[in-house]
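Residue-level structural notes
The chain contents come next:
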Amino acid sequence: MAERKEIASLEEIKQMVDIFYGKVREDDLLADIFNGVIKDNWPTHLEKMYRFWQTVLLEEHTYNGSPFAPHVRLPVEGKHFDRWKQLFFEAVDENFSGDKATEAKFRATKMAEMFQLKIEYFQNQNIG
């Protein structure tokens, strides 16, 4: 097992994001959804995720955008969010330690909860 380190710079943000999305891209439940939407645009998506997490964790404001909008029409439900959080926590816990690692897991949990509630709301609006 690799030595766990602090998330202190963009280098660690990139490692965290790359490890996490490496897991997602191979996951039985999530891979088809993510690969189906992102297709061959993974480099662009990863760059956006680097900037997002750099802004959230390092308070270096490099991300501009609305993180929810691209997710609103995804065919996902609770089990997908549970797996997403599981893989995110694995990526963090296996490689990082310290306050920023804890904050990353907290922020990911809150973001997943918010996205799940909002996606369910929009899905229910389209039923009637």
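Residues numbered from 1 in each chain as written. Predicted model: local features only at pLDDT ≥ 70, side-chain atom pairs only at ≥ 80, totals over all residues. Heavy atoms only, no water.

**Details of unusual backbone geometry**
Among all residues save glycine, negative phi is the norm, and among peptide bonds the norm is trans. Even without a glycine there, the phi angle at Lys-39 is positive, about 55 degrees. In this structure, Lys-39 sits in the loop between helix H2 (31-38) and helix H3 (42-58). Although it is not a glycine, Glu-59 adopts a positive phi angle of roughly 55 degrees. Note on placement: Glu-59 falls in the loop between H3 and helix H4 (78-95). Classification of Glu-59 by relative accessible area gives exposed; the value is 59%. (Helix = DSSP H or I, 4+ residues; strand = E, 2+ residues; numbered from the N terminus. Buried < 20%, exposed > 50% of the residue type's maximum accessible area, 1.4 Å probe, protein only.)

**Details of the nonpolar core**
Formed by 39 residues in total, the largest nonpolar core has its most connected members in Met-16, Val-17, Tyr-21 and Trp-53. Breaking this core down by element, the ones donating at least two residues are helix H1 (10-26), H2, H3, H4 and helix H5 (99-125). Among all residues touching Trp-53, those that are not within four sequence positions of it are Ile-13, Met-16, Val-17, Leu-58, Phe-88, Ala-104, Arg-107, Ala-108 and Met-111. (Core = buried A, V, L, I, M, F, W, Y, C linked by side-chain atoms within 4.5 Å. Contact = heavy atoms within 4.5 Å.)

**Focus: the packing of H3 against H5**
The contact between H3 and H5 brings their axes to 10 Å, and the two run at 115 degrees. Crossing geometry of H3 relative to H5 is assigned as right-handed. Facing Phe-52, Trp-53, Val-56 and Leu-57 of H3, the residues of H5 in contact are Lys-100, Glu-103, Ala-104, Arg-107, Ala-108 and Met-111. Across the contact of H3 with H5, the residue classes tally to seven nonpolar, no polar and three charged. (Axes fitted to C-alpha atoms, helices over the stretch in contact; angles between N-to-C directions. Left-handed = near helix turned anticlockwise from the far one by under 90°. Nonpolar A, V, L, I, M, F, W, Y, C, P; charged D, E, K, R; others polar.)

**Quick notes on the packing of aromatic side chains**
Taken as a whole, this structure holds ten aromatic pairs when the rule is applied. Centroid distance Tyr-121 to Phe-122: 5.5 Å. Interplanar angle 80 degrees. Geometry classified as edge-to-face. A relative accessible area of 33% places Phe-122 in the partly exposed class. Above the plane of the ring of Phe-89 lies Lys-105, whose end atom (NZ or CZ) is 5.4 Å from the centre. (Phe/Tyr/Trp six-rings, centres within 6.5 Å; stacked < 30°, edge-to-face > 60°. Lys NZ or Arg CZ within 6 Å of the ring centre and 35° of its normal.)

Note that every value here comes from positions in space, so none of it alone points to a role or purpose.
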